[in-house]
Amino acid sequence: MNISIVGCGYVGLVTGACLAELGHKVIAVDNDPKKLEALLQGHSPIYEPGLQQLLDMYTREGRLQFTSSIAEAVKKSKVIFICVNTPSLPDGSADLSYVENVSKEIAENLDSEYRVVVEKSTVPVRTGEWVKRTITKHAKENVDFDVASNPEFLREGTAINDFLRPDRVVIGTSSERASSLLVELYAPLNAPLLLTDINSAELIKHSANAFLSMKISFINSVAQVCQRTGADVKKVAKGIGLDHRIGEASMVAGIGYGGMCFPKDVAAYIRIAKEVGFEFDLLKATQAVNNAQRRWPVDVLKTIIPNLEGKKIAIWGLAFKPHTDDLRYAPSLEIIKLLTEEKAQIFCYDPVAMDKARQQVPAEVVMCNNELETCQDADALIICTEWPQFRGVNLLKVRESMKTPVVIDGRNIFEPERMREHGFVYHGVGRG
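In this text, all values refer to a predicted model and were calculated from it rather than measured experimentally.

Asks: When you look at the packing of helix H5 (residues 97-108) against helix H6 (residues 127-138) in this model, what are you seeing that I'm missing?
Replies: Helix packing geometry: the angle between the two helix axes and the distance between the axes. Orientation of H5 relative to H6, taken along the N-to-C sense of each, is 40°, at an axis distance of 8 Å. Here H5 is positioned oblique relative to H6, judged by the angle of their axes. Handedness of the crossing formed by H5 with H6: right-handed. Contact residues: H5 offers Val99, Glu100, Ser103, Lys104, Ala107 and Glu108, while H6 offers Trp130, Val131, Thr134, Ile135 and His138. Taken together, the residues of the contact of H5 with H6 break down into five nonpolar, three polar and three charged.

Asks: Looking at this model, I keep getting lost on the packing of aromatic side chains. Mind explaining?
Replies: Each aromatic ring pair is specified by the distance between its two centres and by the angle formed by the two planes. The final tally for this structure, using the stated rule, is six aromatic pairs. Summarising the aromatic geometry, the rings of Tyr257 and Phe262 are spaced 5.8 Å apart at their centres and angled 80° between planes, so their arrangement reads as edge-to-face. Taking the relative accessible area as the measure of exposure, Tyr257 reaches 6% and is therefore buried. For Phe262, a relative accessible area of 18% translates into the label buried. For the ring pair Tyr269 and Phe280, a centre distance of 5.4 Å and an interplane angle of 70° mean the geometry is edge-to-face. In this pair, Tyr269 is assigned in helix H11 (residues 261-275) and Phe280 in the loop between H11 and helix H12 (281-304), connecting sequence segments eleven residues apart. Each member of the aromatic cluster is reached from another via a ring pair, and the members are Tyr269, Phe278 and Phe280. Over the face of the ring belonging to Phe153 we find Arg168, whose NZ or CZ atom lies 3.6 Å from the ring centre.

Asks: Honestly, the pattern of salt bridges in this entry has me stumped. Any pointers?
Replies: Two side chains that carry opposite charge are able to pair once their charged atoms sit near each other. One pass over the structure, following the stated rule, counts 26 salt bridges. Salt-bridge contacts for Asp144 lead to Arg177; the nearest nitrogen and oxygen are separated by 3.0 Å. Placement of Asp144 in the loop between H6 and strand E6 (145-149) and of Arg177 in helix H8 (residues 176-186) is noted, with a sequence separation of 33 residues between them. Among the residues examined, Asp144 registers a relative accessible area of 29% and is labelled partly exposed. Judged by its relative accessible area of 45%, Arg177 is partly exposed. Between Lys284 and Glu279 there is a salt bridge; the shortest N-O distance is 2.4 Å. Overall, the relative accessible area of 34% leaves Lys284 in the partly exposed class. Each member of the salt-bridge network shares a partner with another, and the members are Asp232, Lys234, Glu415 and Arg431.

Asks: Whenever I open this one, the side chain of Ser213 confuses me. Can you help?
Replies: Checked against the element boundaries, Ser213 lands in helix H9 (residues 198-229). Beyond its immediate stretch of four places on either side in the chain, Ser213 contacts Tyr257, Phe262, Val266 and Thr286.

Asks: When you look at empty space enclosed by the protein in this model, what are you seeing that I'm missing?
Replies: Gaps left between atoms are located by rolling a probe of water-molecule size over the structure's atoms. By the definition in use, this model includes one cavity of 30 Å³ or more. If you add up the space inside the largest cavity, you get close to 40 Å³. What lines the largest cavity is Glu119, Ser121, Thr122, Val123, Ser149, Pro151, Glu202 and Lys205. Counted by class, the lining of the largest cavity contains two nonpolar, three polar and three charged residues.

Asks: Sorry if this is basic, but what is going on with the pairing of strand E9 (residues 312-316) here?
Replies: E9 sits mainly inside the fold: five of its five residues count as buried. Side chains Lys312, Ala314 and Trp316 of E9 all project onto a buried face; the interleaved residues Ile313 and Ile315 project onto the opposite face, where all are buried too. Pairing analysis gives five bridges linking E9 to strand E10 (residues 345-349), with the strands arranged parallel. Each residue of the ladder has a partner; that of Ala314, found in E10, is Phe347. Read as a crossover between parallel neighbours, the route from E9 over helix H13 (residues 331-341) to E10 is right-handed. Across four bridges, the pairing between E9 and strand E12 (residues 380-383) is parallel. Bridge assignment links Ile313 to a residue of E12, and that residue is Ala380.

Asks: What's the story with the packing of H11 against H12 in this structure? I'm lost.
Replies: For the pair H11 and H12, the least separation of the axes is 9 Å and the interaxial angle reads 150°. Put simply, H11 runs roughly antiparallel to H12. As H11 runs across H12, the sense of the crossing is left-handed. Residues Val266, Ala267, Tyr269 and Ile270 of H11 lie in contact with H12, whose contacting residues are Leu283, Lys284 and Gln287. Taken together, the residues of the contact of H11 with H12 sort by class into five nonpolar, one polar and one charged.

Asks: Could you clarify how one ought to interpret the nonpolar core in this entry?
Replies: Where a protein is soluble and globular, its nonpolar side chains tend to be buried together. Residues Leu301, Ile315, Trp316, Leu318, Leu339, Ile382 and Phe414 are the most contacted members of the largest nonpolar core, which totals 61 residues. By residue number, the principal contributor to this core is H13, which donates five residues.

Asks: I keep staring at the environment of Ala223 and nothing clicks. Help me out?
Replies: Along the chain, Ala223 falls in helix H9. Look at Ala223 and you get buried, because its relative accessible area is 0%. Non-local contacts of Ala223, meaning those with residues more than four positions away in its chain, are made with Val233, Ala253, Val429 and Gly430.

Asks: I would appreciate a short explanation of H12 in the present structure.
Replies: Here H12 spans 35 Å end to end across 24 residues, near enough to the 34 Å set by a 1.5 Å rise per residue. The sharpest bend along H12 measures roughly 40° and falls at Arg295, with the proline Pro297 sitting one to four residues further on. Within the sequence span of H12, burial applies to Leu283, Thr286, Asn290, Gln293, Arg294, Trp296, Pro297, Val298, Val300 and Leu301.

Asks: Teacher, can you tell me more about the sheet that holds strand E13 (residues 406-409) here?
Replies: Either a parallel or an antiparallel arrangement is found when strands of a sheet pair, and the pairing is made through backbone hydrogen bonds. Judged by pairing direction, the sheet is parallel, and its six strands sit side by side in the order E11-E10-E9-E12-E13-E14 without closing on themselves. Every interior strand has two partners, whereas the edge strands, strand E11 (366-367) and strand E14 (425-428), have only one.

Here is what the cut-offs are and how they apply
- Residues numbered from 1 in each chain as written.
- Predicted model: local features only at pLDDT ≥ 70, side-chain atom pairs only at ≥ 80, totals over all residues.
- Heavy atoms only, no water.
- Axes fitted to C-alpha atoms, helices over the stretch in contact; angles between N-to-C directions.
- Helix = DSSP H or I, 4+ residues; strand = E, 2+ residues; numbered from the N terminus.
- Parallel < 35°, antiparallel > 145°, perpendicular 65-115°, else oblique.
- Left-handed = near helix turned anticlockwise from the far one by under 90°.
- Contact = heavy atoms within 4.5 Å.
- Nonpolar A, V, L, I, M, F, W, Y, C, P; charged D, E, K, R; others polar.
- Phe/Tyr/Trp six-rings, centres within 6.5 Å; stacked < 30°, edge-to-face > 60°.
- Buried < 20%, exposed > 50% of the residue type's maximum accessible area, 1.4 Å probe, protein only.
- Lys NZ or Arg CZ within 6 Å of the ring centre and 35° of its normal.
- Salt bridge = Lys/Arg side-chain N within 4 Å of Asp/Glu carboxyl O.
- 1 Å grid on protein atoms, 1.4 Å probe; cavity = no way out; pocket = protein on both sides within 12 Å on 5 of 7 lines; lining within 4 Å.
- Points joined across faces, edges and corners; volume = space filled by probe spheres on them.
- Pairing = 2+ DSSP bridges.
- Right-handed = clockwise from strand over helix to strand, strands pointing away.
- Core = buried A, V, L, I, M, F, W, Y, C linked by side-chain atoms within 4.5 Å.
- Expected span 1.5 Å × (residues − 1).
- Bend = angle between axes of the 7 residues up to and from the residue.

Printed below as a string of structure tokens:
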């Protein structure tokens, strides 16, 4: 099938590469000259395990092409995926200006041949109806098209696997013709399909992310109780998660969720509910707990070292999660901001995210070459990202390199007893 992808961000690029893997011919569009140049030269502009290999394979075979022209993409495609950014506005609502601009340009290039325009970006419920009105308004008379919603459920760091081995594929449309075409498109996955109306499909995505965010904030609240009672949040979470009605996924205490999806989608869902007359207080509490959790490492550190001015603080991990270089809403950035306000000296290490971080943190923040260099003569270490390589570090060397062996483990990657045996003053999240 001939497919076009408008927008080569995380969702668009992974979707395009994986559709090529399924045997389709894909033309991907982006209007960022720097990103497009990188793609045309065969380089992925984002770090995502397995993505570069797919780009290499399918650009070489001609199944995946890149262009700046929506007109070219529309003319060559049967199905057009809209994968542009929908960032949060100050009031929490989604900025749909990119969706609107793309919808207009798609409309202007439709002809008599039937096409399906698919929302892949996360958008508020009823956006599909608005996209259809927008296309109808700007298209020639008697064009033949349908609009569908096909939300993505990709996790950064495991996005390729999530696409190729999904829990489910959701297809929302009122058109049997569009539904049949998209079922055929995804047939090679042999995955569970949920066919529904477009409004329900849009709401499924926001609801799923909101629920997962709520689970994270719940266990982080439980961690606060564990901290005050001597309980171990890991054991509590295990006991809760073994209940099949609850499950262990996302039941992991830490310094809060980050990335683009959860913070943006929780804020958008609160706004969506408000616009239809409902105050979603549960999600407001979820949001408040997450914001507070980001401050936890610095609050704990100040109980040990009340005056942080001039103190050297090491930070392991900058990306919001391992296996990605994404810093959007990363807890590390909030922690660096708080430490900067305390006039601390900050030394950081992340396996892949430091180049992007340099553009977002104060110039005086030092980027180091490895974990041990970061800890040299440090007064404390804060762990912000659970990169696997951190778990295997030589703790004796870390202890010897630090000025004072204070570790604030925001991701609970170490066991408290083992850390104390090595001579560390150790604080995990909700671990006594």
